[in-house]
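# Descriptive analysis of the structure
So you can see what is in the structure, the chains are spelled out below.
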Amino acid sequence: MVIAKLTALLANLSICYATCLSKEIHRIQNPTHNAPYSPPFSPPWGPDAPRLLIIGDVHGMLSELEKLLEKAGFSESRGDRVIFAGDMINKGLESAGVVDLAMRINAASVRGNHEDRVLRTWAGAEMARALAKAAGDDADAAVAEYEGTLSEDELKALQTARTMSPAQRKWSAGRPLVLRLGDLPSLGEAAVVHGGMAPGVEVEDQDPWAMYNVRTVLHLDDNDGFANDTQAAAFEETVHTKLRDMLPGTEPSLDEIAAEKERALEFYGGRDPAVVPIDTNEGQWWVEVWNEVEKAKPEGKTLTLFYGHDSKRGINVRDYSFGLDSKCVDGGKLTALVLEPEGSESLKHYLVDVECKIA
Ligand SMILES: *[C@@H]1O[C@H](CO)[C@@H](O)[C@H](O)[C@H]1NC(C)=O
């Protein structure tokens, strides 16, 4: 509704501002779901073949990132590549510097919940400004009013957005939700995602929001019901958070919440396993269910995920998942998983980390 109103009013603004803003907002609200990525190695390889570094949640901790790249022996001239598992920005103080570095080394990344919040609050503020300008109202007052609808976390995210240049926001908004790395030697099909995925659901069908927010899954019974009231409440809370995240500053209506609950239960119910991803810890850790499901698949049909997001559970390496968020922004560590060619056709992997100061 707000968007339709904006589109109509944008026609009254200067052409570049209107077009650029609507393009930018489109990019923020519709990230690419699933993008292919070509790792820098193809067997057989020589002794100094390039490596791939996958780095967990940086959260604006620039000097730690620089130290990590140095410690891991990152070499641009060798052709090494970096992929960030999302949440490169926000919380820490040097978000702009981190994105600047990522752009300079031609790194890849996926959208994290923090990128999403930073970009969407920025879009909301720009929309408020554009609407006010088009109506001949005080734009600064309209932005201040919008800020008043934001939670503390949303307001912080907006402040982070303002430290970034237009080119940095554009780069951030252009990152996909999932990077498909193809069939890696020793690992098989692999992908990078920020939060994780719903077990048993094809990548193409994954819920975008869940992929950068999932922590656990709730098991549905044969009637699409939950085990108890605590779990039902956790599901309701997740739906509310999801709808609010889509349009920061706007409370979802009861009808919208009911419709989204119904859609989710229809989508996840009756599947094998019948589980609903949520962003809190009331369910079973999605990683456990993911690994069970992948293990039961025939060879060549599995998918291994590299993810961040879960600093509470931290570094976790399993057959079909690699958790890489080691809580840097809260004084933990910053971790890179290095995938390094070994022999002529296989890949070895190891972790490199550095200590982080408290942000
Ligand atoms: C709700 O059900 C889950 C799954 O069976 C269980 O782990 C949890 O302890 C239950 N919580 C309550 C409050 O009964």
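Please read these numbers as outputs of a predicted model, since none were measured by experiment. (Residues numbered from 1 in each chain as written. Predicted model: local features only at pLDDT ≥ 70, side-chain atom pairs only at ≥ 80, totals over all residues. Heavy atoms only, no water.)

## Here's the deal with the overall build of the protein chain
Each helix and strand counted, the protein chain has 12 helices and 14 strands in total. In summary, the protein chain has a C-alpha radius of gyration of 21 Å against a globular reference of 21 Å for 359 residues, a match within 12%. Seen along its three principal axes, the alpha-carbon backbone of the protein chain occupies a region of about 65 × 55 × 35 Å. Put simply, the protein chain has 359 residues, and 54% of those count as buried. For the protein chain, the proportion of contacts with a sequence separation of at least 24, taken over those separated by at least 6, is 70%. As presented, the protein chain carries roughly 15900 Å² of accessible surface, and 50% of it is formed by carbon and sulfur atoms. Within the protein chain, the 57 negative side-chain charges are centred at a point lying 5 Å from the centre of the 37 positive side-chain charges. (Helix = DSSP H or I, 4+ residues; strand = E, 2+ residues; numbered from the N terminus. Rg over C-alpha atoms; globule rule 2.2 N^0.38 Å. Buried < 20%, exposed > 50% of the residue type's maximum accessible area, 1.4 Å probe, protein only. Contact = heavy atoms within 4.5 Å. Areas by Shrake-Rupley, 256 points an atom, 1.4 Å probe, with all protein chains shown as cover. Lys, Arg positive; Asp, Glu negative; His and termini not counted. Charge placed at Lys NZ, Arg CZ, Asp CG, Glu CD.)

## Some remarks on the state of the cysteines
Inspection of every chain in the model, using the stated rule, returns one disulfide. The disulfide that involves Cys328 links it to Cys356, with 2.2 Å between the sulfurs. Negative torsions about the S-S bond denote left-handed disulfides, and the value of about -110° found for Cys328 with Cys356 makes this one left-handed. Here Cys328 is found in the loop between strand S12 (321–323) and strand S13 (333–342), whereas its partner Cys356 is found in the segment after strand S14 (346–355), with 28 residues between them in sequence. (Disulfide = S-S within 2.5 Å.)

## Some details on the sheet that holds strand S5 (residues 178–184)
Read from one edge of the open sheet, six strands run S1-S5-S6-S10-S12-S11, paired in mixed fashion. A single partner strand is all that each edge strand has here, and the edge strands are strand S1 (34–36) and strand S11 (316–317). Where strand S6 (residues 188–193) meets strand S10 (residues 304–307), three bridges bridge the pair, whose relative direction is parallel. If you follow Ala191 over to S10, its bridge partner there is Leu305. Sheet strands touched by helix H12 (residues 286–295): S10, S11 and S12. Its angle to S10, the strand with the most contacts, is close to 160°. (Pairing = 2+ DSSP bridges. Axes fitted to C-alpha atoms, helices over the stretch in contact; angles between N-to-C directions.)

## Points about the domain arrangement of the protein chain
Per the domain assignment, the segments making up the protein chain are domain 1 (1–30 + 112–173) and domain 2 (35–111 + 177–215 + 281–359). Between domain 1 and domain 2, the residue contacts involve 20 residues of the former and 21 residues of the latter. Contact between domain 1 and domain 2 buries roughly 1600 Å² in total, counting both sides, with carbon and sulfur atoms accounting for 57%. With a shortest N-O distance of 2.8 Å, Asp116 and Arg111 are connected by a salt bridge. Linking domain 1 to domain 2 there are 14 residue pairs in polar contact (both at pLDDT 80 or more). Elements with a contribution of two residues or more to the side of domain 1 that touches domain 2: helix H2 (15–29), helix H5 (113–134), helix H7 (152–163) and helix H8 (166–173). Counting residues per element, the side of domain 1 that touches domain 2 draws most heavily on H5, which supplies seven residues. (Domains from an automatic or database assignment. Buried area = accessible area lost by both parts, 1.4 Å probe. Salt bridge = Lys/Arg side-chain N within 4 Å of Asp/Glu carboxyl O. Polar contact = N/O pair within 3.5 Å; in protein donor to acceptor, adjacent residues only side chain to side chain.)

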